[in-house]
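# Architecture at a glance
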Amino acid sequence: DRAFVGAGSVLEPGSAICAGAMLAEQSSTGRGQIIGAGERWAGSPSAPSDRIDPALDEMDAVPWTRGWTRAQLGSVVAGLALLELLSLVMLAPSVSFVWWALLTINQLAGLIAAALVGPVFVATVCVVVAGTRAIVLRRTPVGVYSARSALGIRKWIVDKLLETSLTVTNSLYATLYTVVWLRMLGAKVGRGAEVSTAAHLDPDLLTLGRESFVADMAGVGSATFHNGHVAFRRTEVGARAFVGNAALVPSGTRLGAGSLVGVQTVPPPDGVPDGTSWLGSPAINLPTRQSSGDFAEKLTYAPSRLRLVERLIIEFFRITLPASLISVAIYLYLLAVSTVARATDLAQTVLIAPLLALLTSVLLVALVAGIKWLVIGAYRPRVEPLWSRFVRRSEFVTGLYEATAVPTLLYLLAGTPFLPPALRLFGAKIGRRTWIATTYLTEFDLVEIGDGAMVGRAVSLQTHLFEDRVMKMSTVRIGAGATVGDRAVVLYDASVGPDAALEPLSLAMKGEQLPALTRWRGIPAEGVLS
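Here's a quick rundown of the structure. Source: prediction; values computed, not measured.

## Details of the overall build of the chain
Helix and strand counts for the chain stand at 10 helices and 40 strands. Taking the principal axes of the C-alpha coordinates as reference, the chain spans close to 70 × 60 × 55 Å. Taken across its 530 residues, the chain has 53% of its residues classed as buried. Within the chain, residue pairs in contact and separated by at least 24 positions form 49% of the contacts whose partners lie at least 6 positions apart. Only carbon and sulfur atoms are counted for the fraction: they give 64% of the accessible area of the chain, which is about 23,300 Å².

Shown next, in the form of structure tokens:
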């Protein structure tokens, strides 16, 4: 009762969070660990801490009213109906365009329309999400409010819309168009900022400084929920600041200009001073920062007009091609089912239709794999500045993989014997009898997983990082019989030795070699005595 478990945390089997206890963001409990009543713990691995978000105390002091009023329940039902309706509205223009071409011209015209539907679908989703957000929650006020109030329910609806955007237009993110999109939603984004995936944020309370960088899977400025209430606060990322992959920046945080918050890091609750670097949960100050080489500004921060136009064109196709490919696949599948239905009875059609759907998905994954080999070939360790043409090609392939191959089939195969063969198509080196529950691979050829290894859910085998706007990529090796726990991250040039274990929500640093038969835990990982 009245306990708090922060965003991004992992609780292992057998653990307990007792009444009124708090476990901070991006923290973990070990097997059988008990956090006693009223205690406050933070970090991975978690330990007693007095540096818990002060907003939690404020929300803890506010009385919580149990139960729902009829008006609140009615608002929730209306919100669900609105979300379902908007899902149909997002599809309507694309489906109408293809249907019109099919019925008024012929099947070939319908196929061509399906191939051209990508820009229509992406634009429709953006207009619907941004327009609905402006109507439902035009302005997010700073302060603490009931999560069941009219404001709290409107916040929930808007969050679900942004989740939908992140799911169905995933390829929009990590492009130049992301900045335009966030500004449409109300965020203040400085010139030259680079933003990857972003969800559960309050755009009108977020400021991203000039030439800042927010990496993939990072959370920046998410509202905090506790004790039936929600806290909204302003979040600021300074000019040329860097937020690493899977980092979690709670709302109310200020990151100074030129600062760095590393992979999986939670910054100190009192903010990050200008020019400083931090790593870990809880974060520790890094006195030195690795050099990223001496690349010209025109390849990192100040591209030429030609490079800018080239990137806009490539990323336009990166954003729209997944929707077009999926649309063509659905169109051909429906034609195939129609052909079968005309040639057989209903029972046979019902049996054959799922097999045709599976075949369509397999062919779509094979097509994406073929495009990877055509555009990139095999990945090799290398260092490239952000505005190089190689980075454009690599990001194009990554976007196509994440927005086409993963949602159509690969995520369904996670944790089954069928995922490893699918990943081998893209170049990953995976041994026999492996159990893999993640699709978070990018430079596939640089991933090596030995026989009998186990790679958990939402694990990131991070074969590249963008540091100082320089893409550095190299190998990640998981030894035979090794275990990598849920939501762990293994950075490039690191290896997990045979029969070694990296526990959930842990970070293997660049170049680290975790010896055979050892166990490691934490952000960053440290050895665990058996």
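Once the structure has been displayed, the description carries forward.
## What to know about the nonpolar core
Core analysis: the biggest nonpolar cluster contains 60 residues, and Leu410, Leu423, Phe426, Ile449, Ile478, Val490 and Leu502 have the highest contact counts within it. Every element with two or more residues in this core is listed here: helix H7 (305-343), helix H8 (346-375), helix H9 (389-413), helix H10 (419-425), strand E27 (447-449), strand E31 (470-473) and strand E32 (476-478). Residue contributions to this core peak at 11 residues, all from H9. The residues touching phenylalanine 426, leaving out its near neighbours within four places in the chain, are Val365, Val368, Ala369, Lys372, Trp373, Tyr401, Ala405, Leu410, Phe444 and Asp445. Counting residues in each nonpolar core, the second largest holds 51 residues, with Met90, Ile157, Leu205 and Leu255 among its members.

## A word on the side chain of glutamate 443
Structurally, glutamate 443 can be placed in the loop between strand E26 (435-436) and E27. Buried glutamate 443, no salt bridge; nearest opposite-charge side chain is arginine 382, N-O distance 9.8 Å. Only 3.0 Å separates the side chain of glutamate 443 from the side chain of histidine 464, close enough to count as a polar contact. With residues near it in sequence (within four places) discarded, glutamate 443 still touches Tyr379, Ser394, Thr463, His464, Met471 and Met473.

## Let's talk about the packing of helix H3 (residues 107-115) against H7
Contact geometry for H3 and H7: axes closest at 7 Å, N-to-C directions at 150°. Classed by the angle they form, the pair H3 and H7 counts as roughly antiparallel. Facing H3, whose interface residues are Gln107, Gly110, Leu111, Ala114 and Ala115, H7 presents Ser324, Ser327, Val328, Tyr331, Leu332 and Leu335.

## So, the side chain of arginine 318
Along the polypeptide, arginine 318 turns up in helix H7. For arginine 318, the side chain forms a polar contact with the main-chain oxygen of glutamate 395, separated by 3.5 Å.

## Thoughts on the packing of aromatic side chains
Following the criterion strictly, the structure yields 8 aromatic pairs and no others. Here the aromatic rings of tyrosine 379 and phenylalanine 390 are separated by 6.4 Å at their centres, their planes lie at 85°, and the arrangement is edge-to-face. Of this pair, tyrosine 379 sits in the loop between H8 and strand E24 (382-385) while phenylalanine 390 is found in helix H9, placing the two residues 11 residues apart along the sequence. Here the two residues tyrosine 379 and phenylalanine 390 agree in accessibility, since each one is buried. Both rings, one in tyrosine 401 and one in phenylalanine 426, keep their centres 5.3 Å apart while their planes meet at 75°; by these two values the pair is edge-to-face. Highlighted residues: tyrosine 401 in helix H9 and phenylalanine 426 in the loop between H10 and strand E25 (429-430), separated in sequence by 25 residues. Clustering of aromatic rings is evident, with ring pairs tying together Phe213, Phe242 and Phe466. In this arrangement the basic side chain of arginine 240 is found over the ring face of tyrosine 301, its NZ or CZ atom lying 3.6 Å from the centre. The side chain of lysine 372 reaches across the aromatic face of tryptophan 373, ending 3.4 Å from its centre.

Analysis parameters
- Residues numbered from 1 in each chain as written.
- Predicted model: local features only at pLDDT ≥ 70, side-chain atom pairs only at ≥ 80, totals over all residues.
- Heavy atoms only, no water.
- Helix = DSSP H or I, 4+ residues; strand = E, 2+ residues; numbered from the N terminus.
- Buried < 20%, exposed > 50% of the residue type's maximum accessible area, 1.4 Å probe, protein only.
- Contact = heavy atoms within 4.5 Å.
- Areas by Shrake-Rupley, 256 points an atom, 1.4 Å probe, with all protein chains shown as cover.
- Core = buried A, V, L, I, M, F, W, Y, C linked by side-chain atoms within 4.5 Å.
- Lys, Arg positive; Asp, Glu negative; His and termini not counted.
- Salt bridge = Lys/Arg side-chain N within 4 Å of Asp/Glu carboxyl O.
- Polar contact = N/O pair within 3.5 Å; in protein donor to acceptor, adjacent residues only side chain to side chain.
- Axes fitted to C-alpha atoms, helices over the stretch in contact; angles between N-to-C directions.
- Parallel < 35°, antiparallel > 145°, perpendicular 65-115°, else oblique.
- Phe/Tyr/Trp six-rings, centres within 6.5 Å; stacked < 30°, edge-to-face > 60°.
- Lys NZ or Arg CZ within 6 Å of the ring centre and 35° of its normal.

Note that every value here comes from positions in space, so none of it alone points to a role or purpose.
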